[in-house]
Amino acid sequence: MRFDDLVERTRTLPWFDLATVVQLVDEPRQSVLNQLSRFSRAGKLIPLRRGMYVLGERYRRIDPTPAELAGALYRPSYLSDVWALSYHGLIPEGVAEYTSVTTRTTKAFQNSFGVFSYRNVKQEMFFGYSPVILLGRRALLASAEKALVDHFYLSLGEWTQERMMEMRFSRPASLDVASLETMIHRAGKARLRRAFRVWDEVTRETAAGEMEL
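So, a few notes on the structure that sits alongside this text. Keep in mind that what you see is a predicted model, and the values were worked out from it rather than measured.

Thoughts on the overall build of the chain
Right, on to step 1. Helix and strand content of the chain: 9 helices and 9 strands.
Right, on to step 2. Along the first, second and third principal axes, the C-alpha atoms of the chain reach 65 × 35 × 25 Å.
Right, on to step 3. Across the 213 residues of the chain, 45% fall into the buried class.
Right, on to step 4. A total accessible area of about 11,500 Å² is found for the chain, and carbon and sulfur atoms account for 49% of it.
Right, on to step 5. Between the averaged position of the 30 positive side-chain charges in the chain and that of its 25 negative side-chain charges there is a distance of 9 Å.

Looking at the nonpolar core
Right, on to step 1. Counting 52 residues, the largest nonpolar core has Phe116, Leu148, Phe152, Met164, Phe169, Leu180 and Trp199 as the members making the most contacts within it.
Right, on to step 2. Here this core gets 7 residues from one element, more than from any other, and that element is helix 6 (residues 144–154).
Right, on to step 3. For Leu148, the contacting residues outside a window of four places in its chain are Leu85, Leu90, Phe169, Leu180 and Trp199.
Right, on to step 4. Formed by 15 residues, the second largest nonpolar core is a distinct cluster that contains Leu6, Phe16, Val25 and Tyr59.

Some remarks on the pattern of salt bridges
Pairs may arise between side chains of opposite charge once their charged atoms sit close together.
Right, on to step 1. Summed over all chains, the structure comprises 9 salt bridges.
Right, on to step 2. In this structure, the salt-bridge partner of Arg137 is Glu68, at a minimum N-O distance of 3.0 Å. In this pair, Arg137 is assigned in strand 9 (residues 137–142) and Glu68 in helix 4 (residues 66–73), connecting sequence segments 69 residues apart.
Right, on to step 3. A salt bridge links Arg171 to Asp200, with the nearest nitrogen and oxygen atoms 2.9 Å apart.

Here we look at the packing of helix 6 against helix 8 (residues 177–187)
Right, on to step 1. Remark: helix 6 packs on helix 8, axes separated minimally by 9 Å, with the N-to-C direction vectors making an angle of 35°. Like other packed secondary-structure pairs, helix 6 and helix 8 cross with a definite hand, here right-handed. Contact with helix 6, carried on its side by Glu145, Lys146, Leu148, Val149 and Phe152, involves Ser179, Leu180, Met183 and Ile184 of helix 8 and no other residues of that element.
Right, on to step 2. A per-class count over the contact of helix 6 with helix 8 returns 6 nonpolar, 1 polar and 2 charged.

With respect to the side chain of Gln35
Right, on to step 1. When you line up the elements, Gln35 lands in helix 3 (residues 29–41).
Right, on to step 2. The buried category is assigned to Gln35, whose relative accessible area is 9%.
Right, on to step 3. With residues near it in sequence (within four places) discarded, Gln35 still touches Met1 and Glu27.

What about the packing of aromatic side chains?
Aromatic ring pairs are described here by two measures, namely the spacing of the ring centres and the angle between the planes.
Right, on to step 1. Following the criterion strictly, the structure yields 16 aromatic pairs and no others.
Right, on to step 2. Above the ring of Phe127, the side-chain terminus of Arg186 is found at 3.6 Å from the ring centroid.

A look at unusual backbone geometry
Right, on to step 1. The amide bond that connects Arg75 to the next residue, Pro76, takes the cis arrangement and shows omega of -5°.
Right, on to step 2. Positive phi, close to 55°, is recorded for Asp81, a residue that is not glycine.
Right, on to step 3. Turning to its location among the elements, Asp81 is positioned in helix 5 (residues 81–87).
Right, on to step 4. Using a relative accessible area of 8% as the deciding quantity, one classes Asp81 as buried.

Structural notes on the sheet that holds strand 1 (residues 16–17)
Right, on to step 1. Strands sit in the order 1-3-2 across an open sheet of 3 strands; the sheet is antiparallel. The open sheet has two edge strands, strand 1 and strand 2 (45–49), and neither has a second partner.
Right, on to step 2. Strand contacts of helix 1 (residues 3–10): strand 1, strand 2 and strand 3 (52–55), with the helix running at about 95° to strand 3, the strand carrying the most contacts.

Things to note about the pairing of strand 5 (residues 98–102)
Right, on to step 1. Burial of strand 5 is extensive: 5 of the 5 residues sit out of reach of the surface.
Right, on to step 2. The alternating pattern of strand 5 places Tyr98, Ser100 and Thr102 and Thr99 and Val101 on opposite faces, both of which are buried.
Right, on to step 3. Where strand 4 (residues 77–79) meets strand 5, 3 bridges bridge the pair, whose relative direction is antiparallel. From the neighbouring strand, Tyr78 faces strand 5, where its bridge partner is Val101.

Cut-off values and rules
Residues numbered from 1 in each chain as written. Predicted model: local features only at pLDDT ≥ 70, side-chain atom pairs only at ≥ 80, totals over all residues. Heavy atoms only, no water. Helix = DSSP H or I, 4+ residues; strand = E, 2+ residues; numbered from the N terminus. Buried < 20%, exposed > 50% of the residue type's maximum accessible area, 1.4 Å probe, protein only. Areas by Shrake-Rupley, 256 points an atom, 1.4 Å probe, with all protein chains shown as cover. Lys, Arg positive; Asp, Glu negative; His and termini not counted. Charge placed at Lys NZ, Arg CZ, Asp CG, Glu CD. Core = buried A, V, L, I, M, F, W, Y, C linked by side-chain atoms within 4.5 Å. Contact = heavy atoms within 4.5 Å. Salt bridge = Lys/Arg side-chain N within 4 Å of Asp/Glu carboxyl O. Axes fitted to C-alpha atoms, helices over the stretch in contact; angles between N-to-C directions. Left-handed = near helix turned anticlockwise from the far one by under 90°. Nonpolar A, V, L, I, M, F, W, Y, C, P; charged D, E, K, R; others polar. Phe/Tyr/Trp six-rings, centres within 6.5 Å; stacked < 30°, edge-to-face > 60°. Lys NZ or Arg CZ within 6 Å of the ring centre and 35° of its normal. Pairing = 2+ DSSP bridges.

Take a look at the structure:
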């Protein structure tokens, strides 16, 4: 497999994996793997994770976005937890790490496009997300309400008022509190119901204080 041939076949793909290349070039798997490794060492390919690549910047026509990569690196998964909380404006800080949830084993990847972490949830908690367009590309993202539920679910220990205030949660008018409460009860965990009550109290007080200013 010549590198020029690989470029011609993959330059319009945001990324590709070993299986895709084997199908495209119709060569033995091990031979393709050896060549992909050689191209990576030469800097012509950028490894995203084992067996998954993107062409070097000078060769590709499409730049993958980190948000869409988050869903492709480890499937099934969707963006949630603190990254989604920041995206939806529920916490004030920006979050550089792309945090997702998955029904698979907890995992993390780091490549040229960012740091991607995946936390395990049970199958019955794998809901509350939808496809959205971020920077012109499709990504799977938790709703604001589900991102909050996932954060409570994945965080160890009790949610005290002090801990809740340290997060500086906001309560935007767009947040569907009734839907949030329904999701909390669907999870069926007393710890999450307690967290919701504390969050509800703290964010009500914070919103009331802001209105007085």
